[in-house]
Every structure is written in C-alpha cells, then in structure tokens.
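# Chain and residue survey
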Amino acid sequence: MYDQLQAVEDRYEELGELLSDPEVISDTKRFMELSKEEANLRETVEVYRRYKEVIQGIADSEELLAENLEDELAELAKEELNDFKKEKEALEEQIKILLIPKDPNDDKNIIMEIRGAAGGDEAALFAGDLFNMYQSYASSQGWKFEVMDANITDIGGYKEVTIMISGDKVYSKLKYESGAHRVQRVPSTESQGRVHTSTATVVVLPEAEDVEIDIEDKDIRTDIYHASGAGGQHVNKTASAVRLTHLPTGIVVAMQDERSQLKNREKAMKVLRARVYDHIQQAAQSKYDASRKSAVGTGDRSERIRTYNFPQNRVTDHRIGLTIQKLDRILAGELGEIVDALIIYDQTAKLEEMQNGE
C-alpha cells in the first residue's frame, strides 16, 4: 500500500512540474487533462503526507519516553503518543478508501431520464413525485436543475421527463438511482381505496464531453418536424422539433421543448452524446460480470431497486437491505441517508475485492 502511495505522491509532484511547462500550458486540452489528474490526486497526497508526519510523531514520542523523562513531561509524551496512534488508525482507514480506483465519471454533471412505467396514470404521477424529490435534493446540494424535455399527462404526471443536473460531483451521488422505483399507495385516481403498486424508471447518464466521445456528422440522421402535445403557443406552428438518430447504435433522441430548432438540436445532441457514451461504457462493463455484481450502480436498469410504501411511511432499498421509516421526508428531497449508505456499501465491496486480490 505504501509503495502505491509513494507512487501517487511522485506522480503528483511530476504533474506540478508539467503544469508549469510552457509547452503544456499552450496545449489547452493536455493542460486541462493534467490539471484534472492533479486535482484528483490532491486529497490522497495530502492525507499521505499527514500520515508520514504522524508516523514521525509516533517515533519521536517513543524516543522521548525512552529517555526517562520527569513525570509531567512523560505524561505529555504519552498523551501525544496516544493521540498520534489514534490519528494513524483513522488515516489508514481514510487511505484505504482513497486508494479504491475512482469512477472517472464521478465529477461529472448528469442527464437524468424519469419515465412512468407500469401503472398508467398513477405511474406518471409517481414519476412526478420522483422528479420533485430529485429537484429538492439538487437544490439542497446547490446544483442547477434544468428540464430539457417533458411529456406531461393530463392529470399532471410525467410520461417521461429529461433533466440536466449540474454541479459538484453530481454523478458520484446520483449514479445509484438508475433502475425501477416501485410505489405502493392508494392512488388519487382510485375511488375504492385499495393500495396499488406502480413503477417508474430512472436512468442516470454522465454528461459526455466532446473530447471523450467523437460523434461524426455523417453518423447522425436529423429529422425536423412540428412539435406536438403540451408546449405553448408555438406548438404545431413551426417545425422546431428535432429527432437525432445515431446510425451506428440506433440510438434515437427527440427534443421539442424549446421554440427554437437550434436550441432543441443542442439539447438533443447533449442527450445523444450521453446515451452513446453510456452505450459504449455498458458494452465494456458487460465483459466484467464479477466486478459488475459488486457495484450497486451498474446493474440491470430494469432491476427493481427501491420501494416507496405510503401506508407504512417506509422506503426500502433492496440492493443493500436498507429500510427507512420516513418516506415523507425522503420524497421531500432528504436523500442524504440513502445516498451515503449506497456509497459506503459500494466502497466496502470494492475494498473487499482489492484486499482479496480480485
């Protein structure tokens, strides 16, 4: 482990030198890549440097105690030694987590797609509840929450809605939300008062930048058409809706939320790039079934991941066996407890893999 840490520190120092090199500074793409790498290593290096200081502190304290000091000085040296040893244990645990290979997408913004699935109008209403939950959570994190496209039902739910969430480490916290979310409640559309089960699906895609995935114009078919459905005065009057088809993968993205054809195309390209990037990642990931099983965020997207039970005010995440009796607060955006539990579960599984040499 310590050889690995020393290699990280050496690389960090090398990056510092490279980033002051005029040739690197003049190459914007390389400068940005190296700056990002340096930023990703910074915390590990800072913790490792503190760890080395603590190890030295322990050695110094033990040396002092070996000198048969006066009672008062010996007591101080013992206290200091005890404090250093406690800090050493805490730092070792922190270092183990920091050495887990990082998901390269963790720092990214996301595109989230929520769809009403099984359950008709009630599923669409539940999709709306999930939309509001993520919007409130995003607000609590200081993130920007932008609706890119929405298909709203007559009673106010969402058949589907596409959202861009931007801010600090969005993907790292919301990547585990992909999957089928199940609700158990008496629907507002039900007159008999019976509990129904409905589902909505959530897909979380890391935003893909131009430098990460190159989609050539010849690989895209563009169709322009008149927008339809809810959308205001401009609907059906101008050909502003855009449908993009990525020919190599068959991925299709349609966007009609904006009045401007250009803006719809820009939004559609963002979603298309994210979906193609995700398609490539999923194809690569499928080759590593064993590692896939250990991660809670990369499984089958049709998998039921969570149940929201209204009669019992209960939320259960089935992947980690977590049950919380405060559904009302979670739907109000207080997702932190679930997000933290999923991160810890994932980190623990990956740490076990590392220790077992898998």
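What counts and how
- Residues numbered from 1 in each chain as written.
- Predicted model: local features only at pLDDT ≥ 70, side-chain atom pairs only at ≥ 80, totals over all residues.
- Heavy atoms only, no water.
- Helix = DSSP H or I, 4+ residues; strand = E, 2+ residues; numbered from the N terminus.
- Buried < 20%, exposed > 50% of the residue type's maximum accessible area, 1.4 Å probe, protein only.
- Contact = heavy atoms within 4.5 Å.
- Areas by Shrake-Rupley, 256 points an atom, 1.4 Å probe, with all protein chains shown as cover.
- Expected span 1.5 Å × (residues − 1).
- Pairing = 2+ DSSP bridges.
- Axes fitted to C-alpha atoms, helices over the stretch in contact; angles between N-to-C directions.
- Phe/Tyr/Trp six-rings, centres within 6.5 Å; stacked < 30°, edge-to-face > 60°.
- Salt bridge = Lys/Arg side-chain N within 4 Å of Asp/Glu carboxyl O.
- Parallel < 35°, antiparallel > 145°, perpendicular 65-115°, else oblique.
- Left-handed = near helix turned anticlockwise from the far one by under 90°.
- Core = buried A, V, L, I, M, F, W, Y, C linked by side-chain atoms within 4.5 Å.

All right, on to the overall build of the protein then. Counting its regular elements, the protein contains 10 helices and 11 strands. Counting the 358 residues in the protein, one finds 41% classified as buried. The long-range fraction of contacts in the protein, counting pairs at least 24 apart against all pairs at least 6 apart in sequence, stands at 60%. Carbon and sulfur atoms form 47% of the exposed surface of the protein, whose accessible area is close to 19,400 Å².

Over its 28 residues, helix H4 (residues 71–98) extends 40 Å from the first C-alpha to the last, a length consistent with the 40 Å expected when each residue adds 1.5 Å. In this fold, the buried residues of H4 make contact with helix H1 (2–18) and helix H3 (28–65).

A few words now on the pairing of strand E1 (residues 110–116). Among the 7 residues of E1, 5 are classified as buried, and the element is accordingly described as predominantly covered. As defined by bridge partners, E1 adjoins strand E3 (residues 158–166) across 6 bridges and the pair is classed as antiparallel. By the bridge assignment, glutamate 113 is partnered in E3 with threonine 162.

Attention now goes to the sheet that holds strand E8 (residues 251–255). In spatial order, the strands read E6-E7-E8; together these 3 strands make up an open sheet with antiparallel pairing. Only two strands of the sheet have a single neighbouring strand rather than two, namely strand E6 (220–225) and E8. Averaged over all neighbouring strand pairs, the angle between strand axes comes to 15°, with direction disregarded. Here strand E7 (residues 241–246) runs beside E8; their pairing, made up of 5 bridges, is antiparallel. Looking at E8, one finds that leucine 244 is bridged to valine 253.

Time to look at the packing of aromatic side chains. One pass over the structure, following the stated rule, counts 4 aromatic pairs. Look at phenylalanine 126 and tyrosine 308: their rings are 5.3 Å apart centre to centre, the planes differ by 65°, and that puts the pair in the edge-to-face class. A residue pair is termed long-range when its members are at least 10 positions apart, and phenylalanine 126 in helix H5 (residues 120–141) and tyrosine 308 in strand E9 (residues 304–309) qualify at 182 residues. With respect to burial, phenylalanine 126 and tyrosine 308 carry one shared label: buried. When the centroid spacing of 4.9 Å and the interplanar angle of 40° are considered together, the rings of phenylalanine 131 and tyrosine 158 count as tilted.

Take the pattern of salt bridges next. With the rule as written, the count across this model stands at 23 salt bridges. In this structure, arginine 115 and glutamate 113 form a salt bridge, with 3.5 Å as the shortest nitrogen-oxygen distance. For arginine 329, the salt bridge is made with glutamate 334, and the minimal N-O distance between the two is 3.1 Å. Its relative accessible area of 42% is what places arginine 329 among the partly exposed residues. Classification of glutamate 334 by relative accessible area gives partly exposed; the value is 43%.

Before going further, it helps to examine the sheet that holds E1. On the basis of which strands lie adjacent, the open sheet formed by 8 strands has the order E2-E3-E1-E5-E4-E9-E10-E11 and mixed pairing. The open sheet has two edge strands, strand E2 (144–152) and strand E11 (322–324), and neither has a second partner. Neighbour to neighbour, the strand axes of the sheet diverge by 15° on average, direction disregarded. Where strand E4 (residues 179–185) lies against E9, 5 bridges are found, and the strand directions are parallel.

Across the interface, H1 lies against H3 with an axial gap of 8 Å and an inter-helix angle of 135°. Judged by the angle between their axes, H1 and H3 are oblique. Between H1 and H3 the crossing geometry is left-handed. Seen from H1, the contacting residues are Tyr2, Leu5, Gln6, Val8, Glu9, Arg11, Tyr12, Glu13, Leu15, Gly16 and Leu18; seen from H3, they are Arg30, Leu34, Glu37, Glu38, Leu41, Arg42, Thr44, Val45, Tyr48, Arg49, Tyr51 and Lys52.

Take the nonpolar core next. The biggest cluster of nonpolar side chains holds 35 residues, and the ones touching the most others in it are Met112, Ile114, Leu130, Tyr134, Ile165, Leu174 and Tyr308. Going through the elements one at a time, E1, H5, E3, helix H6 (170–174), strand E5 (196–206), helix H9 (327–331) and helix H10 (336–355) are the ones with two or more residues in this core. Per-element accounting of this core gives the leading share, 8 residues, to H5. When neighbours within four sequence positions are excluded, leucine 174 is seen to be in contact with Ile110, Met112, Tyr134, Tyr137, Trp143, Ile165 and Val204. Formed by 18 residues, the second largest nonpolar core is a distinct cluster that contains Ile111, Val203, Ile215 and Met255.

Next up on the list: the side chain of glutamate 38. One can find glutamate 38 in helix H3. Excluding anything up to four places from it in sequence, glutamate 38 contacts Tyr12, Leu15, Gly16 and Leu19.

The subject of this paragraph is H3. An ideal rise of 1.5 Å per residue puts 56 Å on 38 residues; H3 measures up with 55 Å between its terminal C-alpha atoms. Within H3, burial applies to Leu34, Glu38, Leu41, Thr44, Val45, Val47, Tyr48, Tyr51, Val54, Gly57, Ile58 and Ser61.

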